[in-house]
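If you want the building blocks of each chain, they are given just below.
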Amino acid sequence: MDNKWTKYILLTVVTGVLAYNSVYLKKLDAKKEITEANLNPAEFAQKFWIEKFTPFCIRAVEVNSFKKMLKEDTEKVFKELASMARIGSSSCFLIKGEGSIISVSENNVIVAAKSGAEVSEVRLTTGLYFGNAVRDVSGLIKMGDFANTIEYNSISSELNKIVQSEIISPLKAKAKKGETIHFIGCAEINREQIDVNSIQLLPVQIRFK
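What counts, and at which threshold
Residues numbered from 1 in each chain as written. Predicted model: local features only at pLDDT ≥ 70, side-chain atom pairs only at ≥ 80, totals over all residues. Heavy atoms only, no water. Helix = DSSP H or I, 4+ residues; strand = E, 2+ residues; numbered from the N terminus. Buried < 20%, exposed > 50% of the residue type's maximum accessible area, 1.4 Å probe, protein only. Contact = heavy atoms within 4.5 Å. Phe/Tyr/Trp six-rings, centres within 6.5 Å; stacked < 30°, edge-to-face > 60°. Expected span 1.5 Å × (residues − 1). Bend = angle between axes of the 7 residues up to and from the residue. Salt bridge = Lys/Arg side-chain N within 4 Å of Asp/Glu carboxyl O.

(A) Geometry of the environment of Ala45. Turning to its location among the elements, Ala45 is positioned in helix 2 (residues 41-56). Given the relative accessible area of 0%, Ala45 is considered buried. Beyond its immediate sequence surroundings of up to four residues, Ala45 is in contact with Ile155, Glu158, Leu159 and Ile162.

The following block contains the structure:
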């Protein structure tokens with residue numbers, strides 16, 4: 001009798017566990033389906049680019065002023081101008097400038113950016129980019145807004161595609177030595193390894209003059 005009841009109890013427990021897991025997995029699957037149905041990364045990125053990111057670009061800091069501030073008070077620059085705190089020591093900044101193109105290569109366009117009496121070389125990267133600066137620089141997109149890191153990173157990927165097709169490809173096609181351009185770009189700077197003279201920008205706005 002004891003063995004019979006023991007087997008019956010074990011069978012009941014196992015059945016209950018399996019039933020619970022089945023319901024739990026179904027709930028997870030349903031949540032996944034809802035999430036996937038509600039989020040279209042390409043559409044989200046395009047809407048964000050037009051409605052939020054482009055207007056945000058008005059906040060870009062002029063490159064020569066930025067470099068001067070970085071030399072004089074690094075902590076203040078990272079505290080007041082970094083748009084978003086990130087894991088580690090790197091932060092993103094939105095920087096603008098205007099000047100003449102002095103060289104063009106496969107992965108870079110170098111500009112002599114001038115502001116008043118100040119002139120400095122700025123490297124606009126035109127190679128493939130796989131980072132998160134476009135997503136992170138405004139601070140308007142946060143991990144907590146998404147169900148998981150896959151969604152969060154998919155937005156970054158889609159924004160990079162927009163930059164590649166709408167900004168970098170036209171820049172590479174038109175850039176010539178001697179041309180004057182106005183640029184806005186994202187810079188990722190590590191406060192532990194700052195080199196003011198070698199700041200690279202991922203261009204997010206380009207206007208030929």
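(B) A look at the packing of aromatic side chains. Under the defined criterion, the tally for this structure stands at six aromatic pairs. Both rings, one in Phe78 and one in Phe93, keep their centres 5.2 Å apart while their planes meet at 90°; by these two values the pair is edge-to-face. Of the two residues, Phe78 sits in helix 4 (residues 74-80) while Phe93 sits in strand 2 (residues 90-104), which places them 15 residues apart along the sequence. Here Phe78 falls in the buried class, since its relative accessible area comes to 6%. Judged by centre distance (5.9 Å) and plane angle (45°), the ring pair of Phe146 and Tyr152 falls under tilted.

(C) Representation of helix 6 (residues 149-174) within the structure. The first and last C-alpha atoms of helix 6 sit 37 Å apart over 26 residues, in line with the 38 Å expected at 1.5 Å per residue. Its maximal kink placed at Gln164, helix 6 deviates by approximately 35°.

(D) Structural detail: the pattern of salt bridges. According to the stated counting rule, one finds five salt bridges in the structure shown. One salt bridge connects Arg191 with Glu75, and the closest N-O pair in it is separated by 3.0 Å. Residue Arg191 is located in the loop between strand 5 (180-190) and strand 6 (200-208), and its partner Glu75 is located in helix 4; the two are separated by 116 residues in the primary sequence. The salt bridge involving Lys209 is made with Glu98; its shortest N-O contact spans 3.2 Å.

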